[in-house]
Amino acid sequence: AESWNEVPLAPPDSIFKLTASYKADTFPQKVNLGVGAYRDDDNKPWVLPVVKKATHLLLNDPTLDHEYLPITGLPEFTAGAAKLILGSDSPAIKEGRTVSVQTISGTGANHLGALFLSRFYHFNGPKQIYLSDPTWANHHAIFRNVGIEPHNYAYYDPSTIGLHFSGFLSSLRNAPSRSIFLLHACAHNPTGVDPTPEQWDAIASVILERGHYAFFDCAYQGFASGDLDRDAAAVRSFVEKGVPLLVCQSFAKNAGLYGERVGALHVVAPTKEAADRVRSQLSVLQRSEISNPPSHGARLVSLILNNPELFEDWKQDIRTMAHRIIDMRQKLYDILTKELHTPGSWDHILKQIGMFSFTGINPDQSKALVEKAHVYLTANGRISMAGLNSHNLRYFAESLDKVVR
Ligand code: PMP
């Protein structure tokens, strides 16, 4: 019998391991700032009111069945999703040169996009992609899985706890022409550091000059600013400028549909003919990977995107989540700077965007927070702002103050 002796034991996923340690901890004031999922002010998962409404509509629809969806997904969902990210009046959509495929949430969109590029992108040399340093750890694995080697581009500057803009531009300039760059559309994970609109313009210019390809990952539309259109601005301006690109889209966070796995991959092609060819190959790949995407979550999001009343409700729910997070940033900043007079500058807490914040603390200080204060966070000093609330904020601020003194 096969002994599998050659199979090395892999370490557990660090984020899920952190959650398990948090759950096992019996300390009453424990705080979980590890996982990237929204929590309400009572630290509870939040089912969006609009999702409850949409679920009710679905359950009462007598025409629904459990047949397979088309290979590329629910057409009303993918069409609505494309408009959401590219803009309802997007010329690329009107010209019929966009391809939209329903995927297994954002992870599946990244995978399908990576697989498609590994098969069909005209690489200039070895198959490789440039990822921001740092990035969502899964990006590395997703590209390696399809034979594309990840390289880093400069992104985060620990000395300013902000963007290493000149380094970023140099990376773009120095990469071989026609390189692929993965860009976080908004609310960069893990740093919370995004380029400004002016910086995006400069990035787009160099990408065009060098003939690079933009692989956008958009997992937090609406979460960054509370405004869906504002958070899509970088993607839309790149499309307008004619940067060749694709976008991976997730509804996990902005619709609170984490486990339903609702997402899409959008490829913006130069012509309708090119789009038709791309669509045909994406269908072939999708068929062998998952045959057809799951229907429930896509039906919910389709109702929300295509029903004007539900769409307004959703925007309100998104504002609720985004503004609670922004409020936590302000309150954390105020306690640290005005009450505790914690050493160092904490302006980055206010400047950073989205669910995550890079605190700038070192791995020893992160470890001390976990071990001494029962505050769970990743070793890189990243905290999920959604894990903070009016009940644990002061305890967290005081614990942070202690480890940096
Ligand atoms: N990209 C980034 C940058 C993310 O942070 C996430 C979620 N952690 C994803 C993609 C994909 O998440 P999901 O598959 O749950 O949509």
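Fair warning: this is a prediction, and the values are worked out from it, not measured in the lab.

Would you take a moment to explain the overall build of the protein chain for this structure?
When helices and strands are tallied, the protein chain shows 16 helices and 13 strands. Computed over its C-alpha atoms, the radius of gyration of the protein chain comes to 22 Å, within 12% of the 22 Å expected for a compact globule of 405 residues. Among the 405 residues that make up the protein chain, the fraction classed as buried is 44%. Put simply, of all contacts in the protein chain between residues at least 6 apart along the chain, 75% involve residues at least 24 apart.

Just checking my understanding: could you explain the site of the ligand for this structure?
For the ligand, the set of nearby residues contains 13 residues, the closest of which are Ser105, Gly106, Thr107, Ser250 and Ala252. The element contributing the most residues to the shell around the ligand is helix H5 (residues 105-120), with three residues. Its residues assigned to classes, the shell around the ligand shows four nonpolar, eight polar and one charged.

Before we go on, may I ask you to explain helix H15 (residues 363-373) in this structure?
Helical periodicity: at 3.6 residues per turn, an α-helix aligns residues three or four positions apart in one direction. Restricting attention to buried positions, one finds in H15 the residues Ser366, Leu369 and Val370. Down the axis of H15, the sector holding all buried residues measures 90°, keeping them to one side. In H15, the exposed positions angled more than 90 degrees off the buried face are occupied by Asp364, Glu371 and Lys372. Taken together, the buried residues of H15 touch strand E12 (375-376) and helix H16 (393-404). Just beyond H15, the residue with positive phi is histidine 374, at close to 60°.

Explanation requested: the UniProt feature "domain: Aminotransferase class I/classII large" (unreviewed entry) in the protein chain in the structure shown.
What UniProt calls "domain: Aminotransferase class I/classII large" (unreviewed entry) maps, in this numbering, to residues 29-400. Along residues 29-400 one finds 47% helix and 15% strand; the C-alpha atoms at either end are 14 Å apart.

How should I be thinking about unusual backbone geometry in this particular structure?
Trans is the common state for peptide bonds, and a negative phi is the common state for residues other than glycine. Omega for the bond connecting aspartate 133 with proline 134 falls within 30 degrees of zero, at 5°, which places this linkage in the cis form. Proline 190 follows asparagine 189 through a cis peptide bond whose omega is 15°. As for its position among the elements, proline 190 is in the loop between strand E7 (180-184) and helix H8 (197-210). Located in the positive-phi region is isoleucine 161, a residue other than glycine, with phi close to 50°. Tracing the sequence through the fold places isoleucine 161 in the loop between strand E5 (156-157) and strand E6 (162-163). Take isoleucine 161: there are 23 C-beta atoms within 10 Å of it, and that puts it in the buried class. One non-glycine residue with positive phi stands out, namely alanine 187, at about 55°. As for its placement among the helices and strands, alanine 187 is situated in the loop between E7 and H8. Given 26 C-beta atoms within a 10 Å radius, alanine 187 is considered buried.

It is not clear to me how the pairing of strand E10 (residues 262-268) should be interpreted in this structure. Could you clarify?
Both faces of the sheet carry side chains from a regular strand, because those side chains alternate between them. With seven of seven residues buried, E10 lies mostly within the body of the structure. Side-chain alternation along E10 places Val262, Ala264, His266 and Val268 on one buried face and Gly263, Leu265 and Val267 on a second face that is also buried. Strand direction decides the pairing type here: strand E9 (residues 245-250) and E10, joined by six bridges, are antiparallel. Bridging across to E10, glutamine 249 finds its partner in alanine 264.

I tried to follow the environment of asparagine 362 on my own but got confused; where do I start?
Turning to its location among the elements, asparagine 362 is positioned in the loop between strand E11 (356-358) and H15. The class of asparagine 362 is partly exposed, set by 15 C-beta atoms lying within 10 Å. Each C-alpha atom of the pair asparagine 362 and tyrosine 153 lies 22 Å from the other, and the pair is 209 residues apart in sequence.

Help me understand the sheet that holds strand E4 (residues 149-154), please; the structure alone is not making it clear to me.
Pairing between the strands of a sheet is mediated by backbone hydrogen bonds and can be parallel or antiparallel. Read from one edge to the other, the open sheet built from seven strands follows the order E2-E10-E9-E8-E7-E3-E4, with strand pairing classed as mixed. Since the sheet does not close on itself, it has two edges, and those belong to strand E2 (98-104) and E4, each with one partner. On average, each strand axis in the sheet is inclined to that of its neighbour by 25°, with strand direction left out of account. Where E7 lies against strand E8 (residues 213-218), five bridges are found, and the strand directions are parallel. The partner of phenylalanine 181 across the bridge, within E8, is alanine 214. Here helix H11 (residues 272-289) sits on the sheet in contact with E2 and E10, set at roughly 15° to E2.

Would you mind showing me how to read H5 here?
The end-to-end C-alpha separation of H5 is 22 Å, in line with the 22 Å expected for 16 residues at 1.5 Å each. Of all 16 residues in H5, twelve are buried; the element is thus mostly enclosed. Among all positions of H5, only Ser105, Gly106, Gly108, Ala109, Asn110, His111, Leu112, Gly113, Ala114, Leu115, Phe116 and Leu117 are buried.

Hey, could you run me through the packing of helix H13 (residues 308-339) against H16 in this one?
When two helices pack together, their arrangement is given by the angle between their axes and by how far apart the axes lie. Contact geometry of H13 with H16 gives a least axis separation of 10 Å together with a crossing angle of 50°. When the interaxial angle is binned, H13 and H16 end up oblique. For the crossing formed where H13 meets H16, the hand is right-handed. Contacts from Met328, Lys331, Leu332, Ile335 and Leu336 of H13 reach H16 at Leu393, Arg394, Ala397 and Asp401.

Conventions adopted
- Residues numbered from 1 in each chain as written.
- Predicted model: local features only at pLDDT ≥ 70, side-chain atom pairs only at ≥ 80, totals over all residues.
- Helix = DSSP H or I, 4+ residues; strand = E, 2+ residues; numbered from the N terminus.
- Rg over C-alpha atoms; globule rule 2.2 N^0.38 Å.
- Buried ≥ 20, exposed ≤ 12 C-beta atoms within 10 Å, placed from the backbone.
- Contact = placed C-beta atoms within 7 Å.
- Near = placed C-beta within 6 Å.
- Nonpolar A, V, L, I, M, F, W, Y, C, P; charged D, E, K, R; others polar.
- Arc of directions from axis to C-beta.
- UniProt positions renumbered as here; feature names shortened; annotations may be inferred.
- Pairing = 2+ DSSP bridges.
- Axes fitted to C-alpha atoms, helices over the stretch in contact; angles between N-to-C directions.
- Expected span 1.5 Å × (residues − 1).
- Parallel < 35°, antiparallel > 145°, perpendicular 65-115°, else oblique.
- Left-handed = near helix turned anticlockwise from the far one by under 90°.

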